[in-house]
Amino acid sequence: MQNTLTVIARIKPGDAGRLEELLDLIGQDIRGKDRNIYLKLEDFETLHFCRWVMIPNDGNGGQKEFLLFVSYYDGGLRAHLDEFVDRAGEAMDLIWGGCVGYPLTRTANPERFKRDFYRFIFRHSYDFEARHIGYHNERVVNVRRYINMREKLQSFLDLRQVEKFLAEDLKSIVDLLPIKPRALADRLRPITSFVAGLLRFIVFLLDFVWNLLFVFIIRPIRRTVQRREPRLNLQLNWQTIQPGIDDIEDLVTQNQLTVISRIKPGIREWFRVRFALLLINMIAKHFQTKGSLGGIPTIHFAHWSIIDRGRWLLFISNYDGSWDSYIGDFSDKAAPGLDLVWRSAPDYPAKGAIDLEPFKKVIRLNQVKTQAFYSAYPNSTVINILNDRALTRALDRDSVQAWLRRL
Amino acid sequence: MAQPQLNDIQGLIMSGYAHLGHGAYIFLTIPDATSGKTWLRAVTPMISTSQEWPKDANGNTIKPSTSLTIGLSHYGLTALGLNKAALDSFPYEFREGITERQRARILGDVAESAPKHWEIGGRDPENLHVILVLLADSAERREAFRQQQQTLWEQHGLTLYGSVDGDKLSDSREHFGFLDGVSQPKIEGGVRNPKAAEPTIKTGEFILGYENEYGQLPDSPQLDGRDLGKNGSYMVFRKLYQDVAAFWNYMKANVPSDEDSQAQIRALSDDDRQVWLAAKMVGRWPRGTPLVFAPFKDDPSIPFEKFNTFYFRERDPHGQFMPLGSHVRRSNPRDSLPPNKQEALKMADRHLIIRRGLPYGTPLIPLDQLPPRDVQDDGADRGLVFLCINANIKRQFEFIQQTWANNRKFHGLYNDKDPILGDNDKTGSMTIPRDPVRLRLNNVPRFVQVRGGGYFFLPSITALKLLSAP
């Protein structure tokens, strides 16, 4: 089970400069090979992707006022945060210590600190409204195992003797294998797949109704009586592209995108944005589970969160390839859905995302610079990972071993 | 569909002038706005337009014996004294120029190909203001033409920044020995479209002021409320050095042996296998035949007319004929990319360029006898003057270079860049899909180096008059 964490905390006045320097240093050496002696994220077992983003507030003279952290992780949140404390406690002090409300008693009582750290993160966290995952239910260790296996097989195949052996000797054996008669299960496939489809549709309907209730009734009630989200009072007047926006773009196979756009006030917009995101979420969760969303096959993880008590919409994406090809794909393949979500953002093109140049411009204007971006498998695309998985899953260890024993 | 105004559009946009095999690519510096403008006024009437060529009494077209094209860099427009608002109305990739740090990285202009090593436009792009493309039907006529132009620009105080001459090689081959310039899109409403052109692309992909493949009008620069872009376009210049010896020696070193796993390959001679390997990298046979029609040996019965009319999805979905990573398949993947034919074609058609330009330097190898024997580099400079025309440099030229040529992950691959145009550094591979087992070449070196470059605005005749107005 993969999960999503979105945290926004207020940076202590006077700490922004130090924090920016630190995060830039970490971001430029995210794998900890050189100057970054603070964080060795590669050792983490629960972490797929993460990023730190400093959000400037124009209402505060453009000061970097908030620290945004996003991670995609395996398992429960507690275990994920414990891993940060256990493996990088000092780095957490240095990074989160720059934020208001950070618990300070790490060395005195580690267990208590873990609990306080969890509370601190949880209090500043946001739900996602819509999310897409490129490869469901794959733990980091599995993805890495698939990659490793494929790389080994490829180098093995590079040996010309192996190629010849496979092409001739093994093929002569394979040719002797009987062709399996169609099993009963195969013949019943049309019926079983119909039933499976029907069941899936029922599950989708139930989930859809539940989500409608949750988003429009349960959560608003709970928010008013229980946990009030902190008010951030974000004021972002996106008029110019943030300097250095592409500093850490196109360095590895994957890229990051962080966009914060305005949601217009008013009850109609309140409903419209939530409903659009709910629809996208349901489609991504129930129907687009094979690696691409709306025909875009390059998204590892992406999500939308509504922040600052409904005033701003946060979009996070971890995608393959260049920014231009990704935004081009938005326009080519997913324009109607994105128009539904972003239509009310200021300067959004009147003709929608299909109007590529103004669309690109408005995305860049609303994009916030990511200080540090980490991926657990930086050289793999979604398509690569799915292929590696199919390659590995075709064989399973026990049956191959059992088969070999018979010889 | 709006008909393009042919007499306002520069000739090179609509025509490759295939009959003019001798070119001079001349780069100039403008000393000051006044001199620049008077020179521009003098030269504008000589610029070739896309107007239909006249016919003689028998109805035969009279082809021109020369042609002149002019392009201005952003520094050039600045030197002409354009106001800031007008300068800022140009797209940012054009304003920043080809040598900007990030841009150089995504284009693959790194290491030996980095702008600081270039002969043209790399070290001091601020002095590269004008490109003149002179084409002529003979070397003598090119010289006379150059003399005439030189007198004119010197009269007005412009200075020569650099130049390179290009000459058509026999059978329109490039220096590695392959037919070049086959794949060209057909411009909607265009004249003189090449014979094997495919498919028809909206005018606005190549000329400002017309609808593009998105059904939109391209962004257009403005001068004091007037449209400066209409009927104009953008041109990319790159001087590409080709290491012919390295290319063919690589084929020789990596040629499949008599023990190869594929019977069809074992049946070929060693020479034919070298050509086969080179063809797998290019995607065409030296004569130009696309590999989708002839996977093991060229088939001379396939006519030139079919060289650009092929698709992948039905015939060759996995690249068993034309490898997924080959140069031709990457440069225009046609219907090949996911998710389906229609989406793939729509996407491919939004990232096309018109290619102009000629080879430069003398051939190292006999181009009609491939593979060459015992090739050794003679140290001479040779390669291709690459010129391409597009309405949006970022979405067309740069996209092709970044997302198709230099992308290790193109089409589901793992670690392969374009073997011809990619910025290979011996860490990548070239995968040749075949049954039963693929052939993978590792440590692919870079065979083509960049030695010059620039982004230019190709103004319409109207815009040239606006720009040169005192």
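Here the residue index of a chain counts from 1 through its sequence in written order. Here the convention is simple: chains get letters from A, ligands get numbers from 1, in the order in which they are written. Per-residue local features of the predicted model are confined to residues with pLDDT of at least 70, and side-chain atom pairs are confined, for both listing and counting, to 80 or more; whole-chain, interface and lining totals are unaffected and use all residues.

## Things to note about the overall build of chain A
For chain A, the count of helices and strands is 13 helices and eight strands. For a compact globule of 407 residues, the expected C-alpha radius of gyration is about 22 Å, and chain A comes in at 24 Å, within 12% of that figure. Overall size of chain A, expressed as C-alpha extent along the three principal axes, is 75 × 50 × 45 Å. Scored against the burial criterion, the 407 residues of chain A give a buried share of 38%. Considering only contacts within chain A whose residues lie at least 6 apart along the sequence, 76% involve residues at least 24 apart. Strands are runs of DSSP state E lasting at least 2 residues, helices are runs of H or I lasting at least 4, and numbering of each runs from the N terminus. We take the radius of gyration over the C-alpha atoms and set the globule estimate at 2.2 Å times the residue count to the 0.38 power. Counting other C-beta atoms within 10 Å of a residue's own tells you its class, since 20 or more makes it buried, 12 or fewer makes it exposed, and anything in between is partly exposed; those C-beta atoms are placed from the backbone. Whether two residues are in contact depends on their C-beta atoms, placed from the backbone: they are in contact if these lie within 7 Å.

## Section: the confidence of the model for chain B
Values of pLDDT, which run from 0 to 100, indicate the predictor's confidence residue by residue. Confidence along chain B averages 95 in pLDDT terms, with 98% of residues attaining 70 or more. Predicted as a complex, the structure gets a pTM of 0.93 and an ipTM equal to 0.87.

## Some words on the nonpolar core
With 118 residues, the main nonpolar core has B:Leu132, B:Leu134, B:Tyr234, B:Met235, B:Cys388 and B:Phe456 as its most contacted residues. Not counting chain neighbours up to four residues away, the residues in contact with B:Phe456 comprise B:Gly71, B:Leu72, B:Ser73, B:Ile131, B:Tyr234, B:Met235 and B:Phe237. Under the definition applied here, buried Ala, Val, Leu, Ile, Met, Phe, Trp, Tyr and Cys residues are grouped into a nonpolar core through C-beta atoms within 7 Å. With 91 residues, the next largest nonpolar core counts A:Ile11, A:Tyr73, A:Leu81 and A:Leu386 among its residues.

## Topic: the sheet that holds strand 2 (residues 47-57) of chain A
Residue and element names in this part refer to chain A. Strand pairing requires that DSSP identify at least two bridges connecting the strands. Read across the open sheet, the four strands follow the order 1-3-2-8; overall the sheet is antiparallel. The open sheet has two edge strands with one neighbour each: strand 1 (2-10) and strand 8 (370-375). On average, adjacent strands in this sheet sit at an angle of 10° to one another, irrespective of strand direction. To obtain an axis, a line is fitted to C-alpha atoms, over the contacting stretch when the element is a helix, and the angle between two such axes runs from 0 to 180 degrees between their N-to-C directions.

## Some words on helix 12 (residues 382-393) of chain A
All names here are of chain A. Its twelve residues place the ends of helix 12 16 Å apart at the C-alpha level, agreeing with the 16 Å of an ideal helix rising 1.5 Å per residue. Among all positions of helix 12, only Val382, Ile383, Asn384, Ile385, Leu386, Asp388 and Arg389 are buried. Buried positions along helix 12 lie against helix 4 (140-158), strand 6 (299-307) and strand 7 (312-320). Under the convention used throughout, the expected extent of a helix is 1.5 Å for every residue step, that is, one less than its residue count.

## Digging into the packing of helix 9 (residues 323-333) of chain A against helix 11 (residues 356-366) of chain A
The geometry of a pair of packed helices is captured by two quantities: the angle between their axes and the separation between those axes. All names here are of chain A. Where helix 9 meets helix 11, the axes come as close as 10 Å, and the angle between the chain directions of the two elements is 125°. When the interaxial angle is binned, helix 9 and helix 11 end up oblique. Crossing angle aside, the handedness with which helix 9 passes helix 11 is right-handed. Judged by residue contacts, Ile327, Gly328 and Ser331 of helix 9 engage Leu356, Phe359, Lys360 and Ile363 from helix 11. Each angle receives one of four descriptions, namely roughly parallel if under 35 degrees, roughly antiparallel if over 145, roughly perpendicular if within 65 to 115, and oblique otherwise. Left-handed describes a crossing whose near helix is turned anticlockwise from the far helix by less than a right angle; the clockwise case is right-handed.

## Notes on the sheet that holds strand 5 (residues 254-262) of chain A
Residues and elements named next belong to chain A. Spatial ordering of the open sheet is given by 4-6-7-5, a layout of four strands whose pairing is antiparallel. The sheet is open, and its two borders are formed by strand 4 (130-133) and strand 5, each paired with just one other strand. Each strand axis lies, on average, 10° off the axis of its neighbour in the sheet, ignoring direction. Note that strand 4 and strand 6 share four bridges and pair antiparallel.

## Here we look at unusual backbone geometry
Both trends apply: most residues other than glycine have a negative phi, and most peptide bonds are in trans. Residues and elements named next belong to chain B. Geometrically, the link from Pro338 to Pro339 is a cis peptide bond, its omega value of 5° lying close to zero. Of note, the amide linkage connecting Leu370 to Pro371 takes the cis form, showing an omega dihedral of 0°. In this structure, Pro371 sits in the loop between strand 11 (359-360) and strand 12 (383-390). We note that Tyr17 has phi near 45°; this positive angle belongs to a residue other than glycine. Tracing the chain through its elements places Tyr17 in the loop between helix 1 (11-14) and strand 1 (22-29). By C-beta crowding, Tyr17 is classed as buried, having 23 other C-beta atoms within 10 Å. For Asp171, which is not a glycine, the phi torsion comes out positive at approximately 60°. Here Asp171 shows up in the loop between strand 4 (159-167) and strand 5 (186-187).

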